[in-house]
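Secondary and tertiary structure notes
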Amino acid sequence: MASLTIIQGNAQQTVPVDPDDLLSARLRQAVPAFALPCAGNHTCGKCRVQVSGAVEPPSAEECALLGEDALARGIRLACFCRLTGDAAVTLAATQDTPILAWNSTPPFARTETGCGFAVDIGTTTVAMQLFDRESGTVLAERLAENAQRGFGADVISRIEACKTEGLAVLSGRIRDQLEELAAACMQQAGVTHIEESVVTGNATMLHLFEGLDPAPLAVVPFNVQSHFGCMSRHTLAGAPVYLPRCVGAYVGADIICAILASDLLSGGVQLLADIGTNGEMALAQNGRLLCCATAAGPAFEGAGLSCGMPAAPGAVCAVTLQDGAPQFQTVQDAPIRGICGSGILDALAVMLETEAMDETGYLEEDFPLDTADLYITQRDVRQIQLAKSAVCAGILTLLEQASLPPETVTSFSVAGGFGSSMNMASASAIGLFPAALQQKTRFIGNGALGGASMLLMNRALRAQTEQMAREAEEISLSASPSFMDHYIDCMSFETF
């Protein structure tokens, strides 16, 4: 039997392989965190690895996705590459990201004692904070890419993977990851016991955590096995877990937690946009709460882009023009490794201003990120174009449903993985949000995590959010003719 040697940083392992094995299949088993954004459907070109040894030559389709330079350096796409004998593959070294889960919450009473975890299971990113519940102090935290990412970058891919790989595989993957993150936090903080955890996320992520079949979420009428708002049948670090209530199949517990963290129901016309792989929005007016969700895709969180990455050290997080030339700022001022969500918005605004890109999103040539190896490509622009159009159209549809123009909004809260560092002027310039909201914006960071922390430290808030979720009106964008009209109009990179 042949063998595959997997090299990642200073670590190395050897696994047996059979002839004609697909490299991506072996990596998904041996390296659970290995990402396949398109679920191995040969469309994204992101599963790049350096390969040597006995492998089949690249196909014309793989060559087209990689380009001559990458092929010359021994780069292959794992989803195409088939093994024919002994081989070796080198993966990028893992990056430890212990403290990037920023969020803000309104003042609230802390009624609980002991320690506990607040967790947000995002489709792309998992965030965890360990709290002293009495003082509200964060004792430790971790941010990691969702361990299910080898099964695709979006919820539909994960649901499909439950059919092919098995629900138990995906469910076990996320629960094992949370246990590992929790153990790391407890070791760092010197905590040996916790009282409870609150785990939030969209409906699909909570179904997978709980081990419930998410298949009905992907087909009309989008039924859910549970809306949650209950204690889990699983534990975390040996302690009970509370799961906040979802509104429906695509308006999950994460947006309910973000509504709590943003104090959306405190008065006036307030709007919330939680921008991640799933774009979820909420509008509050006179006690009425309207919600909707749109498939933004993972581009805003760095996934799916040719040089995209989370907001980790080395990610371009801001781009400005100085003397007509673009200047790049990275997280922790580390050498450029890629670009995250806030950086891509700035870059597109700069590309518009310098006419490197026109209003339709057309590029004459790739836009370099101050390095010979990293570029924003035409395909990257199209990914952002689809995502930003979905978000802006969702906001306009929500406002239209309430018969409110954007100008009437008194406060606009932005939550999500890149909200804390997003340049609102750039977002407005490329048409991510209506321009009337620019001066009314406040960023609340990871609102889902912030709301989960409030539920962890004040048990009475749980009943409040459960009632909020039951009474919220979910607007189905797929059934809204005006959403598609807005979606087409918002495709242009211009101010709306």
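Here is what the cut-offs are and how they apply
- Throughout this document, residue positions are counted from 1 along each chain, in the order its sequence is written.
- This being a predicted model, a pLDDT of at least 70 is required before a residue's local features are given, and a value of 80 or more before pairs of side-chain atoms are given or counted; all residues contribute to the totals for chains, interfaces and linings.
- The basis for the side-chain values is all heavy atoms of the structure; hydrogens and waters are excluded.
- Under the scheme used here, helices are H or I runs from DSSP no shorter than 4 residues and strands are E runs no shorter than 2 residues, and both carry numbers assigned from the N terminus.
- Radius of gyration here is computed from C-alpha atoms only, and the compact-globule reference equals 2.2 Å multiplied by the residue count raised to the power 0.38.
- Three exposure classes are used, based on accessible area relative to the maximum for each residue type with a 1.4 Å probe and protein chains only: buried under 20%, partly exposed in between, and exposed over 50%.
- Contacts are residue-level and defined by heavy atoms, with any inter-residue pair within 4.5 Å sufficient.
- This count recognises Lys and Arg as positive and Asp and Glu as negative, with His and chain-terminal groups excluded.
- Throughout, a charge is located at the NZ atom of Lys, the CZ atom of Arg, the CG atom of Asp or the CD atom of Glu.
- At least two bridges found by DSSP between two strands are what make those strands a pair.
- A pocket, in this scheme, is an open set of points on a 1 Å grid over the protein atoms alone with protein on both sides within 12 Å along at least 5 of 7 lines, while a cavity is a set where a 1.4 Å probe fits but cannot get out; residues line either one if an atom lies within 4 Å of a point.
- Grid points are joined across faces, edges and corners, and a volume is the space filled by probe spheres set on the points.
- Residue polarity follows a fixed list, in which Ala, Val, Leu, Ile, Met, Phe, Trp, Tyr, Cys and Pro are nonpolar, Asp, Glu, Lys and Arg are charged, and the others, Gly among them, are polar.
- Stacked, edge-to-face and tilted labels apply to pairs of Phe, Tyr and Trp rings (six-membered ring for Trp) whose centres lie within 6.5 Å, assigned for plane angles under 30 degrees, over 60, and everything in between, in that order.
- Cation placement over rings: the criterion is NZ of Lys or CZ of Arg within 6 Å of the ring centroid and within 35° of the ring normal.
- Axes here refer to lines fitted to C-alpha atoms; in helices the fit is confined to the stretch in contact. Angles between the N-to-C directions go from 0 to 180 degrees.
- We call two directions roughly parallel when the angle between them is under 35 degrees, roughly antiparallel when it is over 145, roughly perpendicular when it lies between 65 and 115, and oblique otherwise.
- Residues belong to a common nonpolar core when they are buried Ala, Val, Leu, Ile, Met, Phe, Trp, Tyr or Cys residues joined through side-chain atoms within 4.5 Å.
- Grouping into patches uses exposed residues only, defined as over 30% relative accessible area, and leaves out salt-bridged ones; the cut-off is 9 Å for like charges and 5 Å for nonpolar side chains (Val, Leu, Ile, Met, Phe, Trp, Tyr).
- In this description, accessible areas are obtained by the Shrake-Rupley approach with a 1.4 Å probe, and a residue is regarded as covered only by the protein chains that are shown.
- Put simply, a salt bridge is a Lys or Arg side-chain nitrogen that is within 4 Å of an Asp or Glu carboxyl oxygen.

This paragraph deals with the overall build of the protein. The secondary structure content of the protein amounts to 13 helices and 22 strands. Compactness check: the protein gives a C-alpha radius of gyration of 22 Å against a globular reference of 23 Å for 496 residues, within 12% of the reference. Along the first, second and third principal axes, the C-alpha atoms of the protein reach 65 × 55 × 45 Å. Scored against the burial criterion, the 496 residues of the protein give a buried share of 56%. Taking the contacts inside the protein whose residues are at least 6 apart along the sequence as the reference set, 67% of them involve residues at least 24 apart. When the 27 basic and 53 acidic side-chain charges of the protein are each reduced to a single mean position, those positions are 6 Å apart.

This next bit is on the pairing of strand S1 (residues 2-8). Relative to strand S2 (residues 11-17), S1 runs antiparallel, the two being bridged by 7 bridges. Residue pairing in the sheet places Ser3 in a bridge with Pro16 of S2.

Its place among the elements puts Pro58 in the loop between strand S3 (48-55) and helix H2 (60-66). With sequence-adjacent residues up to four places away left out, Pro58 is seen in contact with Cys63, Leu71 and Arg76.

Another aspect to go through is empty space enclosed by the protein. Scanning the model with the defined rule gives 1 cavity of 30 Å³ or more in all. In terms of lining, the largest cavity is formed by Leu283, Gln285, Arg288, Leu290 and Ala402. Contributions of two or more residues to the lining of the largest cavity are made by strand S13 (279-285) and strand S14 (288-294). Tallied by class, residues from the lining of the largest cavity come to 3 nonpolar, 1 polar and 1 charged.

This part covers the packing of aromatic side chains. By the definition in use, this model includes 3 aromatic pairs. Positioned above the aromatic ring of Phe493 is the side chain of Lys388, whose terminal nitrogen or guanidinium carbon lies 5.2 Å from the ring centre. One Lys or Arg, Arg462, reaches over the ring of Tyr242 and ends 4.7 Å from the middle of that ring.

So, on to the packing of helix H11 (residues 447-457) against helix H12 (residues 460-471). Between H11 and H12, the shortest axis-to-axis distance is 6 Å and the interhelical angle comes to 130°. The angle between the axes of H11 and H12 places the two elements in the oblique class. Between H11, through Met454, Leu455 and Leu456, and H12, the contact on the second element is made entirely by Leu461, Arg462 and Thr465.

What follows deals with the sheet that holds S14. Taken in spatial order, the 6 strands line up as S21-S20-S12-S13-S14-S22 in an open sheet, and their pairing is mixed. Two strands in the sheet have a free side with no partner beyond their single neighbour: strand S21 (441-445) and strand S22 (473-474). Sheet analysis places S14 next to S22, joined by 2 bridges and oriented parallel. Counterpart to Leu290 in the pairing with S22 is Glu473. Packing against the sheet, helix H7 (residues 253-262) makes contact with strand S12 (270-275), S13, S14, strand S20 (411-416) and S21, and its axis sits at approximately 135° to S12.

Take the sheet that holds strand S15 (residues 315-322) next. In a beta sheet, neighbouring strands are held together by backbone hydrogen bonds and run either parallel or antiparallel to one another. Read across the sheet, 3 strands follow the order S16-S15-S17 without closing on themselves; strand pairing throughout is mixed. Each edge of the open sheet carries a strand with a single partner, namely strand S16 (325-330) and strand S17 (338-339). Contacting S15, S16 and S17, helix H8 (residues 341-353) runs over the sheet at an angle of about 25° to S15.

Contact geometry for helix H5 (residues 167-189) and helix H6 (residues 203-210): axes closest at 7 Å, N-to-C directions at 90°. As far as their axial angle goes, H6 and H5 are roughly perpendicular. Side by side, H5 and H6 meet where Leu167, Leu170, Ser171, Ile174, Arg175 and Leu178 of the first sit next to Leu208, Phe209 and Glu210 of the second. Partitioned by chemical class, the residues of the contact of H5 with H6 number 6 nonpolar, 1 polar and 2 charged.

This part is about the side chain of Thr124. Inspection of the secondary structure assignment puts Thr124 in the loop between strand S6 (115-121) and strand S7 (125-132). Assessed through its relative accessible area of 8%, Thr124 is described here as buried. Setting aside its immediate chain neighbours within four residues, Thr124 contacts Ala144, Glu145, Asn146, Ala153, Thr277, Pro298, Glu301 and Ala303.

In terms of nonpolar packing, the biggest core is built from 57 residues, with Ile395, Phe412 and Phe433 touching the most fellow members. When residues of this core are assigned to their parent elements, the largest contribution, 9 residues, is made by helix H9 (residues 378-401). Listed in part, the 38 residues of the second largest apolar core include Cys162, Val191, Ile194 and Leu217.

This part covers the layout of surface pockets. Computed from the structure, the second largest pocket encloses a volume of approximately 870 Å³. Around the second largest pocket, the lining comprises 38 residues; the ones closest to its centre are Ile156, Asn278, Thr294, Ala295 and Ala296. Within the residue set of the lining of the second largest pocket, elements represented by two or more residues are helix H4 (155-164), S14, H9 and helix H13 (481-489). Considering every element that reaches the lining of the second largest pocket, the biggest residue donor is H9, with 4 residues. Grouping the constituent residues of the lining of the second largest pocket by class yields 24 nonpolar, 11 polar and 3 charged.

Our focus in this paragraph is a negative patch on the surface. Taken together, the side chains of Glu355, Asp358, Glu359, Glu364, Glu365, Asp366 and Glu494 present a region of like negative charge at the surface. Relative to the helices and strands, Glu494 resides in the segment after H13.

Let's shift gears to unusual backbone geometry. In this model, Val220 is joined to Pro221 through a cis peptide bond whose omega is 15°. Non-glycine residue Ala237 carries a positive phi angle of around 55°. Take Ala237: it is sitting in the loop between strand S10 (228-236) and strand S11 (239-245). On the accessibility criterion, Ala237 (27% relative accessible area) is partly exposed. Here the phi dihedral of Asn286 falls at roughly 50°; this positive angle occurs in a residue that is not glycine. When you line up the elements, Asn286 lands in the loop between S13 and S14. When its relative accessible area of 76% is taken as the criterion, Asn286 is described as exposed.

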